[in-house]
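# Descriptive analysis of the structure
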Amino acid sequence: MRRKGYGMAEPARDDADLVTRAAAGDIGAFESLVRAHADAVYAHAYRFFGDAQAAQDATQEVWVKVFRSLEGFGSRAAFTTWLFRVTRNVCLDMLRSGRRAATPIDPVELHGIANDDTAGEAVGAVDLETAMRALSPEDREAFNAVALFGLPYAEAGSVLGVPAGTVKSRVFRARRALTTLLSLDAKGGA
Amino acid sequence: MEMDCIRTQATLSALHDSEPVTEESARAAAAHCDDCAQCRTFASDLGVLGALPMPKAPPEVIARIMVAVAAIAAERAQEVESVGALETESVAAGAGERQALHFEWFTGTRRWAAIGAIGVAAVALVMFVLIGTGRPPANTASDRVTVATSQGAGSLVAPEATTGAAPAAPAPTPAPARAPDYLTFKGRVYAPGSLLADTSVATQSVGTVSTAFGGAGSPTPVTAYRSPLTDGSIVVKGPDGSRLYEPVTRMFSSVKYQLVAGNAVERFGVWPELPTRFQAPTSPDGSPTFTAAGGDALGVQTYTAKGVPQTQGFAIAPGTPSSDPAASNPTWTWWEPLLMP
């Protein structure tokens, strides 16, 4: 079952219609796709590079690639699965070409998180994003595929080249690490 | 953590993602949570984690994306003329067996061009009907008068040379004697940006520019490279190193339009002129070539050319302020949707 990702304004069922219209030249439909999914693309790139400017460049490049390839996309896969694949490839290509480098995590930042004594509801995006960078790349991208893009484990696995069971393990490991790093346990959760 | 806790939390994580879980596993996890505070907390933490804010794409990124996409769409539309010609040729051949192929031909990227070709045909039909009903087409070629001045083919001519019906336009501000350090690439105008510290990021050639840069020598062909940025810039190696050259643009209707030159700007300080397909206006109101149409994002008056939708190009009158993208160009300028080199 396909779920709604974190940043998705509308459920995925509208995507097929928007893709069809956008491929036929409806720029408004394409803009709706961008607005529905730009946050997921940006968040993945931001977590990949740890840098806002690189994430912006990657986000633009992803959508330009998507626009150029819409007609060839057809309906052979769910749009979000394809979008995650394009996003992942663009980030990897930017890294390989040396145009951008991933920002390594500073252990001091993690220490700061672990000793954060703010109230649970005050845990914000900055802390979460710092904690994200402490995850292994494999766990992080599996988590992003599922949590940001709303991909089922099997589809995430098809993009990542691993079985669904491996995605399940990686996502669980990411969640365990994040709840620990963000001290959600100590703060009593919601 | 005990093995049962790990299994339970993995099941809870999968359930949180709406993944299929066996009834037995779900029952075992629920039973475990009844007796395990740690796993109950993990279950609630899943909700907290899912509700934390994630990074959001800044609005300007979405705007940039749509500008880039509009430029690609415009690029596709530019295929119309050549594809339209091919189509006419094909129809003239009249081979019935080709019809089946046409359906195939109309798919893919050619659909964009075909849509544009249909639009052009529709305009032609309207023109035919108007002429057929006796309405004279406005501003035929014989009406046009080209006045050459020292400012080049696109120069503004004194208002006295035209009919008194032309509305008065603000007097152009004095133009600076020298244009910015422009160069032209594929007929489009670029201005220098920052120097590249790492030249290895721009190694893919996209063509050549002919320029003498700021020197007094003859212009020479210089390789232009694809920019590592996606803003339409190019990279050109000059006397001071590899430098980004950014497209000279202005915004109209949320789309970025680039300055197009009819002349090759082969030396810094030379003004871009109107594309040669346009006759120089003989009046400050743009006539007979252009018609006042509206304003761009800066509130500067835009002018349309006959038969060219404003979304595909517009003119700007001479004498804009030096802060304007046209930089006080003393001649009329022409702007088309930004293309990625």
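Computed from a prediction, not measured in an experiment: that's the story for all the values here.

Scoring rules and cut-offs
Residues numbered from 1 in each chain as written. Chains lettered and ligands numbered in written order. Predicted model: local features only at pLDDT ≥ 70, side-chain atom pairs only at ≥ 80, totals over all residues. Heavy atoms only, no water. Helix = DSSP H or I, 4+ residues; strand = E, 2+ residues; numbered from the N terminus. Buried < 20%, exposed > 50% of the residue type's maximum accessible area, 1.4 Å probe, protein only. Contact = heavy atoms within 4.5 Å. Areas by Shrake-Rupley, 256 points an atom, 1.4 Å probe, with all protein chains shown as cover. Core = buried A, V, L, I, M, F, W, Y, C linked by side-chain atoms within 4.5 Å. Domains from an automatic or database assignment. Salt bridge = Lys/Arg side-chain N within 4 Å of Asp/Glu carboxyl O.

## What to know about the overall build of chain B
- Along chain B, the regular secondary structure elements total seven helices and twelve strands.
- Here chain B holds 341 residues, and the buried ones make up 41% of them.
- For chain B, long-range pairs separated by at least 24 residues make up 58% of all intrachain contacts whose partners lie at least 6 apart in sequence.
- If you sum the accessible surface of chain B, you get close to 17300 Å²; carbon and sulfur atoms cover 59% of it.

## Some details on the environment of B:Gly214
Residues and elements named next belong to chain B.
- Mapped onto the secondary structure, Gly 214 falls in the loop between β3 (205–211) and β4 (220–226).
- Classification of Gly 214 as exposed rests on a relative accessible area of 59%.
- Note: C-alpha distance between Gly 214 and Tyr 182 (32 residues apart in sequence) is 9.7 Å.

## Notes on the nonpolar core
- In terms of nonpolar packing, the biggest core is built from 70 residues, with A:Phe30, A:Trp63, A:Val66, A:Leu70 and A:Phe79 touching the most fellow members.
- Two domains each provide a minimum of three residues to this core, namely domain 1 (3–54 + 141–157) and domain 2 (59–133) of chain B.
- Ignoring anything within four residues of it in the chain, the contact list for A:Phe30 reads A:Ala22, A:Trp63, A:Val66, A:Phe67, A:Leu70, B:Met66 and B:Val69.
- If you look at the next biggest cluster of nonpolar residues, it comprises 19 residues, including B:Phe252, B:Tyr257, B:Leu259 and B:Val265.

## Focus on the pattern of salt bridges
- Tallying each qualifying case throughout the model produces 18 salt bridges over all chains.
- Here B:Arg27 makes a salt bridge to B:Glu23, at a shortest N to O gap of 3.5 Å. In this pair, B:Arg27 and B:Glu23 both sit in helix α2 (residues 23–35), four residues apart, roughly one turn of the helix.
- Residue class for B:Arg27 comes out exposed when judged on its relative accessible area of 54%.
- The network of salt bridges with common partners includes A:Asp17, A:Arg21 and A:Asp26.

## Here's the deal with helix α7 (residues 137–147) of chain A
- By the criterion of burial, α7(A) is predominantly enclosed, with nine of the eleven residues buried.
- For α7(A), the set of buried residues is A:Asp139, A:Arg140, A:Glu141, A:Ala142, A:Phe143, A:Asn144, A:Ala145, A:Val146 and A:Ala147.

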